[in-house]
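What the coordinates show
Listed below, chain by chain, are the residues.
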Amino acid sequence: QVQLVESGGGLVQPGGSLRLSCKASGFTFSKHVVGWHRQVPGKEREFVAHITTSGSIKNYSDSVKGRFTISRDNAKNTVYLQMNGLKPEDTAVYYCNAWTTPRAWGQGTQVTVSS
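Attention in this report is confined to the structure presented alongside it. In this text, all values refer to a predicted model and were calculated from it rather than measured experimentally.

1. What to know about the overall build of the chain
- What the chain contains, in helices and strands, is 0 helices and 11 strands.
- Sequence-ordered secondary structure for the chain, helices as α and strands as β, is β-β-β-β-β-β-β-β-β-β-β.
- The C-alpha atoms of the chain give a radius of gyration of 13 Å, which matches the 13 Å a tight globule of 115 residues would have.
- Overall, the C-alpha framework of the chain stretches about 40 × 30 × 20 Å when taken along its three principal axes.
- Out of the 115 residues belonging to the chain, those deemed buried represent 43%.
- A separation threshold of at least 6 residues defines the contact pool for the chain, and within that pool the share at least 24 residues apart is 52%.
- Accessible surface, the chain: about 6200 Å² in total, of which carbon and sulfur atoms supply 48%.
- Taken together, the 13 basic and 7 acidic charged side chains of the chain have centroids lying 7 Å from each other.

Rendered as structure tokens:
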């Protein structure tokens, strides 16, 4: 059973930081690209970042580039998203995903950036 479980979301003030974690199970984590998307109610799910199997290549959306950092620990079957300089427009449900067949998604974790 493929499973992705996110944690680390919460309420943070503008300019603050959060670190999201996603622990994977049920597949060979080290052989798959993994990443993060986010979604606001009523809008399409938006790409945030992904990372290749060894961590050698990372890609980010323009909206988060320079503020967010994706990383992975294959020994722990975990992918992380370090979010710095958070803005109100970063408010969304953040979903971990893996490029398995079919593609796998976590349940999501809420991030709210507000004063």
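2. Notes on the pattern of salt bridges
- For the structure shown, the criterion picks out 4 salt bridges.
- Put simply, D90 and R67 hold a salt bridge, and the shortest N to O gap is 2.8 Å. Of the two residues, D90 is situated in the loop between β8 (78–83) and β9 (92–98) and R67 in the loop between β6 (58–60) and β7 (68–73); the sequence distance between them amounts to 23 residues. The burial state of D90 is the same as that of R67; both residues are buried.
- Each of the salt bridges in this network shares a partner with another, and the network as a whole consists of R38, E46, R67 and D90.

3. Things to note about the state of the cysteines
- On inspection of all chains with the given rule, the structure shows 1 disulfide.
- Each sulfur in the disulfide pair C22 and C96 lies 2.2 Å from the other. An S-S torsion of about -80 degrees defines the bridge between C22 and C96 as left-handed. Here C96 lies in strand β9 and C22 lies in strand β3 (residues 18–25), a separation of 74 residues in the sequence.

4. Quick word on the sheet that holds β7
- Across the sheet, which stays open at both edges, the 4 strands sit in the order β1-β3-β8-β7 with antiparallel pairing between neighbours. Of all strands in the sheet, those with a lone pairing partner are β1 (3–7) and β7, marking the two edges. If you compare each strand with its neighbour and ignore which way they point, the axes differ by 15 degrees on average.
- Looking at chain direction, β7 and β8 are connected through 6 bridges and run antiparallel. Bridged to D73 within β8 is T78.

Criteria and cut-off values
- Every chain is numbered on its own, with residues counted from 1 as its sequence reads.
- Since the coordinates come from a predicted model, pLDDT governs what is reported: local features require at least 70, and pairs of side-chain atoms require 80 or more to be given and counted, while whole-chain, interface and lining totals use all residues.
- Calculated side-chain values reflect all of the structure's heavy atoms, with hydrogen atoms and water omitted.
- Only DSSP runs of H or I with at least four residues qualify as helices, and only runs of E with at least two residues qualify as strands; both kinds are numbered from the N terminus onward.
- Radius of gyration here is computed from C-alpha atoms only, and the compact-globule reference equals 2.2 Å multiplied by the residue count raised to the power 0.38.
- The classification of residues rests on relative accessible area computed with a 1.4 Å probe and restricted to protein chains. Under 20% of the type maximum is buried, over 50% is exposed, and intermediate values are partly exposed.
- Two residues form a contact once any of their heavy atoms are found within 4.5 Å.
- Accessible areas in this description were obtained via Shrake-Rupley with a 1.4 Å probe; residue shielding takes into account the shown protein chains only.
- Charged residues are defined here as Lys and Arg on the positive side and Asp and Glu on the negative side; His and the ends of the chain fall outside this count.
- To locate a charge, the coordinates of NZ of Lys, CZ of Arg, CG of Asp or CD of Glu are taken.
- We define a salt bridge as a contact between a side-chain nitrogen of Lys or Arg and a carboxyl oxygen of Asp or Glu at a distance within 4 Å.
- Criterion for a disulfide: a pair of cysteine sulfur atoms at a distance within 2.5 Å.
- Note on pairing: DSSP must find at least two bridges between two strands before they are called paired.
- Axis angles are defined between N-to-C directions and span 0 to 180 degrees, where every axis is a line fitted to C-alpha atoms and, for a helix, only to the segment in contact.

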